[in-house]
Structures are given as structure tokens and as C-alpha cells.
Amino acid sequence: MLTLPSIWNILISSIVFFIAVWYLRRYLDEQGLPQGVTRSLLVFMLASLASCGAGTVVDKIEGNKTTQTTPTELKKLLNAAKQGDHE
């Protein structure tokens, strides 16, 4: 089942992404790696990995409060909705 990320997950992972991009570009400049498509792709992939990792840590700390509806609860809900239509 698809679960949406929390606001904290989105906020922290976005901040981590931009910090990682800045740091990686600076580090690769110091190493003398020429700018180009390969370097940009490397920076994007590593920053994305750092961002996903930070989001995962936030979800673990937060407790990942997702709720899932079981089939029996769904049947009860549909039956209640049908009864409400007849009134």
C-alpha cells in the first residue's frame, strides 16, 4: 500500500538534499573533477541517496504512524454507507 511521507520527512530530506549538493560540488571542485554531465549525475545521485536516507531516519524517529484499513473494516464502512443511503 502506498503511504505518503510526513511533513517532517519532506522538510528534512529537502534540506539534506540541497546541503549535500552544495558539499559534493565543493568537494569535487577541490578534487579537480571537470564539470559535465557525468559529474552532475554523480552529484544528483549521491545527494538523492543522502536525502532518502535522511527521510528514512526521520520516519524511524517519528514512528511512521501509518494506518491501514483491513478488509473487514472496509466491509463495515461500506455497509454503514449503504444503510445511510436508504434513509
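This write-up is about the structure you can find in this document. (Residues numbered from 1 in each chain as written. Predicted model: local features only at pLDDT ≥ 70, side-chain atom pairs only at ≥ 80, totals over all residues. Heavy atoms only, no water.)

**Some points on the nonpolar core**
As a reminder, the rule being used: Buried residues of nine kinds, namely Ala, Val, Leu, Ile, Met, Phe, Trp, Tyr and Cys, make up a nonpolar core once their side-chain atoms join them within 4.5 Å. We call a residue buried when its accessible area falls under 20% of the maximum for its residue type, exposed when it is over 50%, and partly exposed in between, using a 1.4 Å probe and counting protein chains only. Only DSSP runs of H or I reaching four residues or more are called helices, and only runs of E reaching two or more are called strands; each is numbered from the N terminus. Any two residues whose heavy atoms approach within 4.5 Å are treated as being in contact.
Membership of the largest hydrophobic core is limited to seven residues, which are Phe17, Ala20, Val21, Leu24, Leu28, Val43 and Ala47. Among the elements of the structure, α1 (7–31) and α2 (37–62) are those that each provide at least two residues to this core. Residue contributions to this core peak at five residues, all from α1. Setting aside residues up to four positions removed in sequence, Ala20 forms contacts with Ala47 and Ala50.

**Things to note about a nonpolar patch on the surface**
The condition that has to hold: Two distance rules govern patches: like charges are joined within 9 Å, and nonpolar side chains (Val, Leu, Ile, Met, Phe, Trp, Tyr) within 5 Å, applied only to residues with over 30% relative accessible area and no salt bridge. Methods summary: accessible areas were calculated by the Shrake-Rupley approach with a probe of 1.4 Å, and residue burial reflects only the protein chains presented. Each reported salt bridge corresponds to a side-chain nitrogen of Lys or Arg within 4 Å of a carboxyl oxygen of Asp or Glu.
Residues Trp8, Leu11, Ile15 and Ile19 make up a contiguous nonpolar surface patch of about 420 Å² in total accessible area. Summarising the element assignment, Ile15 is placed in helix α1. Using a relative accessible area of 44% as the deciding quantity, one classes Ile15 as partly exposed.

Spatial relationships are all this shows, so hold off on functional conclusions.
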